[in-house]
Amino acid sequence: MTYATRLPKIVGSAQPEAGVLTTITEIAANSNAYGSVFVANVSDTTVETVRLLVKPAEDPVGPHQYLLWDTPIEPNGMVIIANIGLNGGEQLMASSTQGLATFNLTGDQIINNA
């Protein structure tokens, strides 16, 4: 019989430098993760533009993988993507034009124990 361990946690977080595509989290091969992504503009004066994607294991980054593409976020604003699932080996990646956005995936990591 196979058992799984459920770990509620912040699965990954980052504030990428301006224009740099950054890995927020990579899911271990023996795991899955489920949760919500919170993208916040930490500036109180400047609109920020963001990109967010799920990169499958072994695949190069492509336009079909983006969840958000050049999405503007108002000063002190937030975008939430609920109920996202990531499989083992997949990466959640993000970038912003000015480095003013934070990205957080909160939820459950499921570790598949053999």
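Here the structure is a predicted model, which is why all the values come from computation and not from measurement.

Undergrad: How would you explain the overall build of the chain if you had to name every residue and give the values?
TA: What the chain contains, in helices and strands, is zero helices and eight strands. Starting at the N terminus and walking to the C terminus, you meet the elements of the chain as β-β-β-β-β-β-β-β. In terms of C-alpha radius of gyration, the chain reaches 15 Å, essentially the compact-globule figure of 13 Å for 114 residues. Across its three principal directions, the C-alpha atoms of the chain cover 55 × 30 × 20 Å. Looking at the chain as a whole, 42% of its 114 residues qualify as buried. Entry remark: accessible area of the chain is about 6,100 Å², with carbon and sulfur atoms responsible for 52%. Each charge class in the chain can be summarised by its mean position, and for the 4 positive and 10 negative side chains these summaries are 8 Å apart.

Undergrad: Give a description of the nonpolar core that names residues and reports values.
TA: Nonpolar side chains in soluble globular proteins generally cluster together in the buried interior. Ranked by internal contacts, the top residues of the largest apolar core, which has 20 residues, are Val 37, Leu 52, Leu 92 and Phe 103. Apart from the residues within four sequence positions on either side, Leu 92 is in contact with Thr 22, Thr 23, Ile 24, Thr 25, Val 37, Leu 52, Leu 53, Val 54, Ile 84, Leu 86 and Leu 105.

Undergrad: Give a description of the pattern of salt bridges that names residues and reports values.
TA: Throughout the structure, instances matching the rule amount to two salt bridges. Residue Arg 6 pairs with Asp 108 through a salt bridge whose shortest N-O separation is 3.1 Å. One end of the pair, Arg 6, is in strand 1 (residues 3-14); the other, Asp 108, is in strand 8 (residues 101-113), with 102 residues separating them in the sequence.

Undergrad: Go over the confidence of the model for the chain with me, naming the residues and quoting the values.
TA: Of the residues in the chain, 98% have a pLDDT of 70 or more, and the chain-wide mean is 95. Of all helices and strands in the chain, the one with the weakest mean pLDDT is strand 1 (94), whereas strand 7 (residues 91-96) scores best (98).

Undergrad: Residues and numbers for the sheet that holds strand 4 (residues 48-55), please.
TA: Strand order across the open sheet formed by four strands is 2-7-4-5, with antiparallel pairing between neighbours. Strands with a single pairing partner mark the edges of an open sheet, and in this sheet they are strand 2 (22-26) and strand 5 (66-73). The mean inter-strand angle of the sheet, taken between neighbouring strand axes irrespective of direction, is 15 degrees. In the sheet, strand 4 pairs with strand 7 via six bridges, with the strands oriented antiparallel. Counterpart to Leu 52 in the pairing with strand 7 is Ala 94.

Undergrad: Now, about the environment of Tyr 34: what can you tell me, with residues and values included?
TA: Mapped onto the fold, Tyr 34 is located in strand 3 (residues 31-41). Sequence separation between Tyr 34 and Pro 8 is 26 residues, and the spatial gap between their C-alpha atoms is 9.5 Å. Setting aside residues up to four positions removed in sequence, Tyr 34 forms contacts with Ile 84, Gly 85, Thr 106, Gly 107, Asp 108 and Ile 110.

Procedures and definitions
- Residues numbered from 1 in each chain as written.
- Predicted model: local features only at pLDDT ≥ 70, side-chain atom pairs only at ≥ 80, totals over all residues.
- Heavy atoms only, no water.
- Helix = DSSP H or I, 4+ residues; strand = E, 2+ residues; numbered from the N terminus.
- Rg over C-alpha atoms; globule rule 2.2 N^0.38 Å.
- Buried < 20%, exposed > 50% of the residue type's maximum accessible area, 1.4 Å probe, protein only.
- Areas by Shrake-Rupley, 256 points an atom, 1.4 Å probe, with all protein chains shown as cover.
- Lys, Arg positive; Asp, Glu negative; His and termini not counted.
- Charge placed at Lys NZ, Arg CZ, Asp CG, Glu CD.
- Core = buried A, V, L, I, M, F, W, Y, C linked by side-chain atoms within 4.5 Å.
- Contact = heavy atoms within 4.5 Å.
- Salt bridge = Lys/Arg side-chain N within 4 Å of Asp/Glu carboxyl O.
- pLDDT = per-residue confidence, 0-100.
- Pairing = 2+ DSSP bridges.
- Axes fitted to C-alpha atoms, helices over the stretch in contact; angles between N-to-C directions.

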